[in-house]
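Residue-level listing of the chains:
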Number of protein chains: 4
Amino acid sequence: MSEVRVAILGASGYTGAELVRLLAGHPEFRITVMTGDRKAGQPLASVFPHLGKLKLPDLVAIGDVDFGAVDAVFCCLPHGTTQEVIAGLPEHVTVVDLSADFRLTSLDAYATWYGHPHKAPELQKKAVYGLTELKRDAIRSAQLVANPGCYPTSVQLPLVPLIKAGLIQVDDIIIDAKSGTSGAGRSAKEANLYCEVTEGIHPYGVASHRHAPEIEQELGEAAGKPVLVAFTPHLMPMSRGMLSTIYVKLAKGAKAADLRAELSRVYASEPFVGVLPEGAVPATRHVRGSNFCLINAFDDRLPGRAIITSVIDNLVKGASGQALQNLNLMFGLPETTNLEQQPLFP
Amino acid sequence: MSEVRVAILGASGYTGAELVRLLAGHPEFRITVMTGDRKAGQPLASVFPHLGKLKLPDLVAIGDVDFGAVDAVFCCLPHGTTQEVIAGLPEHVTVVDLSADFRLTSLDAYATWYGHPHKAPELQKKAVYGLTELKRDAIRSAQLVANPGCYPTSVQLPLVPLIKAGLIQVDDIIIDAKSGTSGAGRSAKEANLYCEVTEGIHPYGVASHRHAPEIEQELGEAAGKPVLVAFTPHLMPMSRGMLSTIYVKLAKGAKAADLRAELSRVYASEPFVGVLPEGAVPATRHVRGSNFCLINAFDDRLPGRAIITSVIDNLVKGASGQALQNLNLMFGLPETTNLEQQPLFP
Amino acid sequence: MSEVRVAILGASGYTGAELVRLLAGHPEFRITVMTGDRKAGQPLASVFPHLGKLKLPDLVAIGDVDFGAVDAVFCCLPHGTTQEVIAGLPEHVTVVDLSADFRLTSLDAYATWYGHPHKAPELQKKAVYGLTELKRDAIRSAQLVANPGCYPTSVQLPLVPLIKAGLIQVDDIIIDAKSGTSGAGRSAKEANLYCEVTEGIHPYGVASHRHAPEIEQELGEAAGKPVLVAFTPHLMPMSRGMLSTIYVKLAKGAKAADLRAELSRVYASEPFVGVLPEGAVPATRHVRGSNFCLINAFDDRLPGRAIITSVIDNLVKGASGQALQNLNLMFGLPETTNLEQQPLFP
Amino acid sequence: MSEVRVAILGASGYTGAELVRLLAGHPEFRITVMTGDRKAGQPLASVFPHLGKLKLPDLVAIGDVDFGAVDAVFCCLPHGTTQEVIAGLPEHVTVVDLSADFRLTSLDAYATWYGHPHKAPELQKKAVYGLTELKRDAIRSAQLVANPGCYPTSVQLPLVPLIKAGLIQVDDIIIDAKSGTSGAGRSAKEANLYCEVTEGIHPYGVASHRHAPEIEQELGEAAGKPVLVAFTPHLMPMSRGMLSTIYVKLAKGAKAADLRAELSRVYASEPFVGVLPEGAVPATRHVRGSNFCLINAFDDRLPGRAIITSVIDNLVKGASGQALQNLNLMFGLPETTNLEQQPLFP
């Protein structure tokens, strides 16, 4: 295989920087274009000094990119701006889109949650939802992958196999989710200042977060019928990490041990998903900087209920790491290529 | 009233230090004794330099205290060691116990959860559970108050009035709770080292935390029948603060607005409990260092369900602040005496 | 004394909020006006929910204030905008200005460091520099106090008495200073986002920070001759707190013990300044939320040199606390009025 | 080359875990032994869950190791316990010692600072001080490398070349250093609890830290005469990262630009040392998780003085990363082998 020329659109945000980190030293993919409209002309080192040792092209405006010389695109643009950009790409370009623009298959749902009609409905039909472990075959042959949201990734990895196996009921799924602040991006907002975030916690988007319909879509597909979920995200005083604590009703007779057994079976050979031993609690710091997802299940005090927990790094398995995992797959490479960094702890 | 001579037993821990902070400048209560067995003979400033400007007696061993010269005791000793100490106090001494030793009215429940029979069952019968806003009259005339746990405080303040009003169902209460690390105390454990806690989160004591039976006891009393709850605590990378996110089934026809209305009515004249306006989310940093509890309720996406959130500072309303609130009450003072510090933010 | 009507100009920033916190329950001062141009018409609770339990007037635009009904003003406006506002106040109004606008007595120095000529040079002549412990008499009779910067406060409290006593040389003073992030204010800047600040440190404004001339002015006054200092501030991953580590040459024959003795003598009866025992290190967390300054001195390994350390809370003794201390003084009240909160730890 | 069998002695501490992280996927080195006396028999995953996905041997007691089957040893044991262990190893074993036991060439200095005579003086003579960039040739042929301390690494990288070039004076070097808490290790001490460290800073070991003689030894070697330094370490509320802010007198006529030029020249081809452009400040977060050291120099306000800053990750270039860099060198591999991870930010 000759080297794949990769463009990162929106390289001045956290998911863009994370892609640069994960691509460093990749044996097949080479970053040839990075865009950042407000930073055009600057070296990436002036935007992200931690990447200053890498040899990289300067940032350019998206309008100045020659996409004829690009084989693959990671699209890290804000939600809503992405559709037209991707619609304008040449046909030969392979795309992994990290925005929410192509995640909802229902154009009505998209319009409801994002406040405007979808601008590229034809493309939407072709997009493949990129939860790698669950959609591997479709991703392999896709030209446009809609990379999942971080919360949906942390929720679907444990729940989809359990729903498919009929081990949990789908009418009363309660998801209490907690995310590091990097999920809010790098734009300068008062609410995300250090002093506003450190040493405190709060919920946000209660019962109204845009990841709820994405979760419901995928759980519904697994269940074969519509699913509604309770979903409450919380902002945590940490940069990275995501924990979903999920309260479910068990199928009749099932116990947490059955959930653990099924998840262990399904994910036995997965390089990035781990099911912990009985009683061990997943901690976000044990996946920091890595593409891992750790899962466990516990019997609840409420009879017939279980508590499922899963952790990921929201910027890796919840965004850029899964995006690279998908692009590896789309180019016929081992999924794990350049993704085997161990977590950084402490 | 002549000055009340107050002893703090176990002043070398966080709740002890917090009592010293809250008592500084109190118009009626004067600290005359502080114990710390391993630190006996030392000034408090050597254990807690931040309190070095206060004029205070040195730490003494508990065996050396003349309780005849003490009017009131705050007991901040570890769970399990407290019963015998309190049983040995002279009759005239008023006690607020911050440990868990007298919270469970069922001696069987105590033995089950704490692993040994209760050592002062007669005293247990006299103990009054000290959730101030909910038990004010009984506390006023009590000689021994069992100060509630931090998690139970954060849960009962919103739930008890709603259960009493019949606005929520009691068979499916799911509590996802998050606590600052000071709740784990000051003892040196690897799990609580800075590097083990910062920038990460995890659940602990899943379905097995000792605050569950305390919550169930009090909710059951409000409901007039036994109540079981799902209860999952999580450790947060912050020193102080506690958030309970509570998922409940509504009574038929009820909405979150009804919960808010009832809580607003019940707590209208309470100095320390606030019900936020529709849509506003409680944040722990907005109660840091204060005795406040902030509450709100939201309609869930799941029909017939609501999400209730409440925040406290675990060391203040969740421990030492409520203890002082109770002692104020027991001595006929305004509850708010010396407790009106505003939260510290940022 | 009848109640003093106090206005806080710029109440939507951190120093404004801190003034509100410190003024809550003040026996003589009552907040009757709070301005916040972009938030005019809003209750303070919408800007600072942690203050939502206080009864306060809504925010107004500064142009709408009737200063005839105001007795005293805390001015928390950005540097450079303050001069014209204060120049326009009625004569009867007492002012404590927390900006840098009136700190530099040399109009040339002001123009050099702030990039434009001073706009109220007549007022500048009347302004009194408000380092309370060092300028108490002048402050008592001042109508306009220029409240010192946080770094200068932390440096002058230890150095000015030592320079006056001739115990240290003034030609080689090296100040390595570290500040919490609240010193950067509440404006939304990428550099102050949580993810940019947490778990990391860096110097800034190396050899070019605007607090250097303020420090040099006051040390020069103490020395009776011009003084230059090395001054390197660093941004710390914490909200509050400031530590200055100061490297000085001793006068011939002097030792750290002499410095400690002199500082202990000078500050013996000061309520807010503490000199620690030999070997004890000041820590910012031991003054958090309080108006205290803690100081110590150590012999250096380099012969003839000493290391002096001092800590304050940058928002209290470094800003709003000292401002209140000054206004207390200007109105003939005990300096400590409403300022005796103990530090919040942990 | 056949695979090198590597033992990590003391794998249950932070430097041990960091070695495991950095060795994962190494093309030539394979971990065949890990010791942890108190954890013997346990899998590493029970001690460090973040490494649970790696295939590794269980922990064993050091007394049970067959060193005949080991080619190289990383020694991460506590200071003072290491000498006898290393003295007992078979002759064929190559050693990188991360403790302080072999860093001081003067046995007198060792006895003075560590409180007991050195137990392996013959070995001490053979040990090579392992600051890779400065001692590369000696390291290449060494059998025992004394891996430098974290503070000394951050100080020597900028200062040694400048001293050798005669650009700075050596009689008045003032080092204000700041370290993340992981430098204190994983042992359970009250002082290192989350609540004791977060949101605050303090100096420690003022003028008495054991890294001072190590720094002085190496700077003295560069200067060709004895050197004393002022050295004040500070504990920072962050897990990783180290910043040294160094105040120096310039040689006559020299400016910061000359320092930058010399450092740029010396380190032009070094993969792990970067000299930043004029005015850019090194930040610890820009080297987190990597083996990089970033340096810059600034003219001071004090005439004839400069301020030099350098940052490293104390666990990587300050410990385990440099240890691997050294072992790579000792086995004839490219120094960068498996060390090219980019920093983790945010």
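Small disclaimer: the values here were computed from a predicted structure and weren't measured.

### Side note on the overall build of chain A
Here is step 1 of the chain: Within chain A, the secondary structure is distributed over 11 helices and 14 strands.
Here is step 2 of the chain: The C-alpha radius of gyration of chain A comes to 20 Å, within 12% of the 20 Å expected for a compact globule of 346 residues.
Here is step 3 of the chain: Projected onto its principal axes, the C-alpha positions of chain A cover 60 × 45 × 40 Å.
Here is step 4 of the chain: Residues classed as buried in chain A amount to 65% of the 346 residues present.
Here is step 5 of the chain: When contacts within chain A are restricted to residue pairs at least 6 apart in sequence, those whose partners lie at least 24 apart make up 70%.
Here is step 6 of the chain: On chain A, the mean spot of the 31 positive side-chain charges and the mean spot of the 35 negative ones are 3 Å from each other.

### Here's the deal with the pairing of strand β10 (residues 229-235) of chain C
Residue and element names in this part refer to chain C.
Here is step 1 of the chain: The element β10 is extensively covered by neighbouring structure, given that seven of its seven residues are classed as buried.
Here is step 2 of the chain: A two-sided burial pattern is seen for β10, the buried positions comprising V229, F231, P233 and L235 on one face and A230, T232 and H234 on the other.
Here is step 3 of the chain: Where strand β8 (residues 173-179) meets β10, seven bridges bridge the pair, whose relative direction is parallel. Bridge assignment links A177 to a residue of β10, and that residue is P233.
Here is step 4 of the chain: Note: strand β9 (residues 202-203) against β10, two bridges, orientation antiparallel. Note that in β10 the partner of H202 across the bridge is L235.

### Observations concerning the nonpolar core
Here is step 1 of the chain: Judged by nonpolar contacts, the single largest core of 212 residues is most densely connected at F74 of chain A, F74 of chain B, F74 of chain C together with F74 of chain D.
Here is step 2 of the chain: Apart from residues no more than four positions distant in its own chain, F74 of chain A is found in contact with V6, A7, I8, L9, L19, L23, V96, L98, A323, L324 and L327 of chain A.

### Here we look at the interface of chain B and chain A
Accessible area lost upon the coming together of the parts is a frequently used measure of interface size.
Here is step 1 of the chain: Facing 50 residues of chain B, the contacting portion of chain A comprises 50 residues.
Here is step 2 of the chain: If you look at where chain B meets chain A, you find six salt bridges.
Here is step 3 of the chain: R301 of chain B is the partner of E216 of chain A in a salt bridge, and the nearest nitrogen-oxygen pair spans 2.5 Å.
Here is step 4 of the chain: Joining chain B to chain A, the criterion identifies 28 residue pairs in polar contact (both at pLDDT 80 or more).
Here is step 5 of the chain: Where the side of chain B that touches chain A is concerned, the elements lending two or more residues are β8 (173-179), α8 (194-197), β9 (202-203), α9 (211-223), β10 (229-235), β11 (242-249), β13 (293-299) and β14 (305-312) of chain B.
Here is step 6 of the chain: Per-element accounting of the side of chain B that touches chain A gives the leading share, five residues, to β8 of chain B.
Here is step 7 of the chain: Considered class by class, the residues forming the side of chain B that touches chain A number 28 nonpolar, nine polar and 13 charged.

### Quick notes on the sheet that holds β14 of chain B
Residue and element names in this part refer to chain B.
Here is step 1 of the chain: Pairing is mixed across the open sheet formed by seven strands, whose spatial order is β9-β10-β8-β11-β14-β13-β12. Each end of this open sheet is capped by a strand with a single partner; those strands are β9 and β12 (273-275).
Here is step 2 of the chain: Docked against the sheet, α9 engages β8 and β10, running at close to 140° with respect to β10.

### Details of the relation of the copies chain B and chain A
Here is step 1 of the chain: Under the fitted operation, chain B is carried onto chain A by 0.0 Å of movement along the axis and a turn of 180°, and the coordinates agree to an RMSD of 0.0 Å. On the angle and the small slide along the axis, the relation comes out as a two-fold axis.

### Points about the domain arrangement of chain A
All names here are of chain A.
Here is step 1 of the chain: Here chain A is described as being made up of domain 1 (4-126) and domain 2 (151-314).
Here is step 2 of the chain: For domain 1 versus domain 2, the separation of C-alpha centres amounts to 27 Å.
Here is step 3 of the chain: Tallying the contact residues gives 12 residues for domain 1 and 12 residues for domain 2.
Here is step 4 of the chain: Here domain 1 packs against domain 2, burying approximately 1,200 Å² in sum over the two surfaces, 50% of which is carbon and sulfur.
Here is step 5 of the chain: Where domain 1 meets domain 2, there are two salt bridges.
Here is step 6 of the chain: Two residues, R240 and E18, come together in a salt bridge whose shortest N-O distance is 2.7 Å.
Here is step 7 of the chain: On the surface where domain 1 and domain 2 come into contact, there are seven residue pairs in polar contact (both at pLDDT 80 or more).
Here is step 8 of the chain: Secondary-structure elements contributing two or more residues to the side of domain 1 that touches domain 2 are α1 (14-23) and α4 (107-114).
Here is step 9 of the chain: Element by element, the count of residues in the side of domain 1 that touches domain 2 is highest for α1, at three residues.

### Some words on the packing of aromatic side chains
Here is step 1 of the chain: In this structure the tally under the stated criterion is 26 aromatic pairs over all chains.
Here is step 2 of the chain: Look at Y110 of chain C and Y114 of chain C: their rings are 4.8 Å apart centre to centre, the planes differ by 15°, and that puts the pair in the stacked class. Highlighted residues: Y110 of chain C and Y114 of chain C, both in helix α4 (residues 107-114), separated by four residues, approximately one helical turn. Taken individually, Y110 of chain C and Y114 of chain C each receive the classification buried, so the pair is uniform in this respect.
Here is step 3 of the chain: Among the aromatic side chains, those forming a connected cluster through ring pairs are Y14 and F48 of chain A together with F345 of chain D.

### Description of the side chain of E199 of chain B
Here is step 1 of the chain: Tracing the sequence through the fold places E199 of chain B in the loop between α8 and β9.
Here is step 2 of the chain: Nearest to the buried, unbridged E199 of chain B among oppositely charged side chains is R288 of chain A, at 5.2 Å.
Here is step 3 of the chain: Side chain to side chain, E199 of chain B and T198 of chain C meet in a polar contact 2.9 Å long.
Here is step 4 of the chain: Residues in contact with E199 of chain B, not counting those within four places in the same chain, are P237, M238, S239, R240, T284 and R288 of chain A, P237 of chain B together with Y194, T198 and E199 of chain C.

Cut-offs applied
- Residues numbered from 1 in each chain as written.
- Chains lettered and ligands numbered in written order.
- Predicted model: local features only at pLDDT ≥ 70, side-chain atom pairs only at ≥ 80, totals over all residues.
- Heavy atoms only, no water.
- Helix = DSSP H or I, 4+ residues; strand = E, 2+ residues; numbered from the N terminus.
- Rg over C-alpha atoms; globule rule 2.2 N^0.38 Å.
- Buried < 20%, exposed > 50% of the residue type's maximum accessible area, 1.4 Å probe, protein only.
- Contact = heavy atoms within 4.5 Å.
- Lys, Arg positive; Asp, Glu negative; His and termini not counted.
- Charge placed at Lys NZ, Arg CZ, Asp CG, Glu CD.
- Pairing = 2+ DSSP bridges.
- Core = buried A, V, L, I, M, F, W, Y, C linked by side-chain atoms within 4.5 Å.
- Salt bridge = Lys/Arg side-chain N within 4 Å of Asp/Glu carboxyl O.
- Polar contact = N/O pair within 3.5 Å; in protein donor to acceptor, adjacent residues only side chain to side chain.
- Nonpolar A, V, L, I, M, F, W, Y, C, P; charged D, E, K, R; others polar.
- Axes fitted to C-alpha atoms, helices over the stretch in contact; angles between N-to-C directions.
- Least-squares fit on C-alpha atoms with pLDDT ≥ 70 in both.
- Domains from an automatic or database assignment.
- Buried area = accessible area lost by both parts, 1.4 Å probe.
- Phe/Tyr/Trp six-rings, centres within 6.5 Å; stacked < 30°, edge-to-face > 60°.

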